[in-house]
Every structure is written in structure tokens, then in C-alpha cells.
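Analysis of the macromolecular model
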Amino acid sequence: MKYYSTNQQSPLVDFREATIQGQAPDKGLYFPESIPQVDKDLLENIVAIPDEEIASRVIKPYVGNSIPDEKLLSIVKETLSFPIPLVKITGSISSLELFHGPTLAFKDIGARFMSRCLGYFLASESKKVTVLVATSGDTGGAVANGFLDVEGVEVVILYPSGKVSPVQEKQLTTLGRNIKALEIEGSFDDCQQLVKQAFADQDLRNQVFLTSANSINVARWLPQQFYYFLAWKQWENKSNPPVIAVPSGNFGNICAGILANASGLPAAHFIAACNANDIVTEYLQTGQYQPRPAVPTLSNAMDVGNPSNFVRILEIFHHQFPKLKSHLSSYRISDAETIDAISNIYRQFNYTADPHGAVGFLALQRYLAEHPEQKGYFLETAHPVKFPAAVERATGKPVNMPASLQSLMKEKKKSLFMKPDYDHLRSILRS
Ligand SMILES: *Cc1c(COP(=O)(O)O)cnc(C)c1O
């Protein structure tokens, strides 16, 4: 499989090169030259096929010969070393729980897969790579955890001081070893700005090999297809495929689902569940794509004003607006509606949703109200304990902390507190 850049100005690369580079040199996103079709046997007999076999058969055409089959299977096994249950909430709505991994959010799956691929590619080279990321919360923890002790990789994470939740901060600052956390006295935008400056600094990049670990990277984006297939395996009524609602920020997650669907996975429809950052909701209504600065909300992992993966969705539909509209709907859910939804889901169905999952639930409920013959699931993208303030406000009850977190919360934070000063960041990256 070859990958081209969505900006069309960079040479084709294979999976290995796309993973190591992250973003294409022309600043476009890598996209597969063709969308492989999953074989009939996989779909017809999915219930009897082990999870890791499903996943490796889905990802194999994308990886090509970059990784030997046996190694790929072991990477996939390690990626999926925790359960991903589809849990019934109402008669027509289920929750695909993606929060049972080590950092309690769906980003664990992409980060674990990517870190192992990168580790494999670097093992045969003397090259050292620095993974540089800015995080508004969940990415940092997942990347830190995924890359811990991976040979040849140093990780530098920038996060805004006082603006991530206590659990999120512990997840990205307590590991140490090859993980360095920089606590920036500023906003997420300041962190992102510093990272962009580093990637644009050719002089620095001649000395240090930088790559990113956000969903722009194909090795983080593509494995997100796994759980859509694992949900299909668990879906009861195979003659009535699900409507799938995805709480969306940078649109990597939903785009992976749409890609899975384009390669044969049955799905009735996709719903991009958005908060006040409703650029895509608006686009689907008006046909105008107008990015604007993000506004803060309770579902803060979705506070994105210009979703980078949206271009990949356009690519899947060959930039044909009517085709896109027939597969994808979008709803905008406010903070007040989010709190109400968490509260109602708890009172009526005895289920605790996090703010992101609640946005997904409500968007799905709205769609199903107009399509009563259908059923669906939403992606529960994070454990409610990662967002305790909103959840406790809505349910009136403290969120139970999983045992793994109780010990994590006692560990000591190790971070370097600094002003958003590029020269300082540069000297850290060079050392
Ligand atoms: C990152 C994140 C999202 C948004 O996912 P995208 O792939 O960026 O659309 C949603 N919910 C949670 C909890 C997240 O961490």
C-alpha cells in the first residue's frame, strides 16, 4: 500500500515512511492510494473469529510488507489487551466502551499501535526519534503510556498548566524515563503554537528527528478501525446494521469508522456528535467550511476549531457533498444539554456517561427519534472519572475511581514548569 499526501505535492510513501514522518512534507495528510475491501468470510463469520485476528486482517493491507505477519499479530495483540464491550443502555442505544485501556480513553488504542510500529521500525536503524506533542488532556497520557520505554524514542509532551484534569495530569507527568512533561504557563493554543514552531524550524530538524503522535499519523489513525469491527462482532441484529454516533473533535475517530464502512463494514449511518465547536455541523447544513478559534466546553477533548482529519473524510467521498451528506449527519450539543444528558442517562438507565459520551448519546437519540426503525451505538470515548467535576455536578454522586487510578494519584508529578518561550523549548529538544 502506498500513501499520497492530500496536498498532492509530496512523493508517495509506504506505511513505514508515513509512520516515521507523521505529516507529509507538503503539510498534507497521508491517505491510502486505494481503500482495501475486507473479505466476505471476515464479515460473515466475524462472531467466531478472535479479536486479534479480526484486527490484523483489517490492518494488514494498510501495513503491506512493512511489518512481518507474526510481528504485526503480536503488535495487534498488545494493542487490544483490554476489553471493548458493547453495552446496552436503552432498547435502541448501546455504548461502545473504549475506556478500559491504561489511560482510560480511546486514544490508548491508536497510541499503543503506533508506538509499537515506530519501535519496530527504529529497531533496525540507529536513528533516534523525538515524539513531540501538545495535549489538551487525553493525548498526552495515551502517548506517554504507549511510548514508555520504547527504544530509540524520546517523548516530549507540552500541556497547559492548570487546564488539564488532575487524573490527566498524573497520567502524563508520573512516568519519567523517556517521557518528559513540560508544564506550560499558558493555554493549549500556546502549547500547540510552540510545537508548530519546532516543526517549522529546519535548523532544529536537521539536528533532531521530530515526529508527531496525533491522529494525523496513519499509525494512530488506521487502527481506530479495529473497534468498529469489534462492535459489529457484538451487534445482535446483523440484518439491521447500527447507526454509529462518534463524539468528534479532530475527526480522526469518526473518519476511521467511515473508512471501515467504505471497506465493507456494515453501518446504517454515521453521526458526528459535536459540542459548541460545530464547524462540521454547519458545513453539512450550508456546504460552507469555515474554521474558527475553538471555544472551551465541558467536553474539552472536542474543542477543535479546524478539525485536521476532516480532509480525509472528504477524500473518502471524493469531495462529493451529496454523497457525504447521505452517509453523515451532525448535531451540535450545548454544555447545558450535556449536563442534562449525563443526569438523564444516570437517572433513567443507571449508566454513568462522561461528557463526551453524553454528547454522542444525545446526538444519536435525536437522529433515532426521526428514524425509529433503526438502532445504534455511541462511542464512550473516556471513563467518567477523567471528568469528575461535570459528572458529579450532573449525577450528584462522586465517580468511583478504578483501583489502578488510586495508586496513580499517589505518585509524584515530575514536570518542568516553563513560560511559553520557544528558545527554551528548542534548547530542551536539542539536549
Ligand atoms: C480525543 C477525544 C475525542 C475526539 O476524538 P477525535 O478523533 O479528535 O475526533 C473525543 N472524546 C475524547 C474523550 C477524546 O479524548
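Residues numbered from 1 in each chain as written. Predicted model: local features only at pLDDT ≥ 70, side-chain atom pairs only at ≥ 80, totals over all residues. Heavy atoms only, no water.

Topic: the site of the ligand
Neighbouring the ligand are 15 residues; Lys107, Asp138, Gly249, Asn250 and Thr381 lie closest to it. Glycine 249 has a polar backbone atom sitting 2.8 Å from an oxygen atom of the ligand. Residue asparagine 253 places a main-chain N or O atom 2.9 Å away from an oxygen atom belonging to the ligand. In isolation the ligand has 390 Å² of accessible area, and contact with the protein removes 96% of it. When the residues that make up the shell around the ligand are grouped by side-chain class, the tally is six nonpolar, seven polar and two charged. (Near = heavy atom within 4 Å. Polar contact = N/O pair within 3.5 Å; in protein donor to acceptor, adjacent residues only side chain to side chain. Areas by Shrake-Rupley, 256 points an atom, 1.4 Å probe, with all protein chains shown as cover. Nonpolar A, V, L, I, M, F, W, Y, C, P; charged D, E, K, R; others polar.)

Some remarks on helix H20 (residues 422-430)
Since one α-helical turn is 3.6 residues long, residues separated by three or four positions face the same way. Listing the buried residues of H20 in full gives Tyr422, Leu425, Arg426, Ile428 and Leu429. All buried residues of H20 project into a common sector of 160 degrees when viewed along the axis, lining one side. If you follow the buried residues of H20, they end up packed against strand S5 (129-134), strand S6 (153-160), strand S7 (179-184), helix H8 (188-200), helix H9 (202-207) and strand S13 (416-418). Regarding H20, its N-cap is aspartate 421, as a side-chain oxygen of that residue lies 3.2 Å from the backbone nitrogen of aspartate 423 further along. (Buried < 20%, exposed > 50% of the residue type's maximum accessible area, 1.4 Å probe, protein only. Helix = DSSP H or I, 4+ residues; strand = E, 2+ residues; numbered from the N terminus. Arc of directions from axis to C-beta. Contact = heavy atoms within 4.5 Å.)

A closer look at the pairing of strand S10 (residues 269-274)
As a general feature of sheets, a regular strand has side chains that alternate between the two faces. With six of six residues buried, S10 is to be regarded as a mostly interior element. Residues His269, Ile271 and Ala273 point to one face of S10 and Phe270, Ala272 and Cys274 to the other, with burial holding for every one of them. Two elements, S10 and strand S11 (residues 328-332), share five bridges in a ladder whose sense is parallel. Considered in S11, the bridge of alanine 272 is made with serine 330. (Pairing = 2+ DSSP bridges.)

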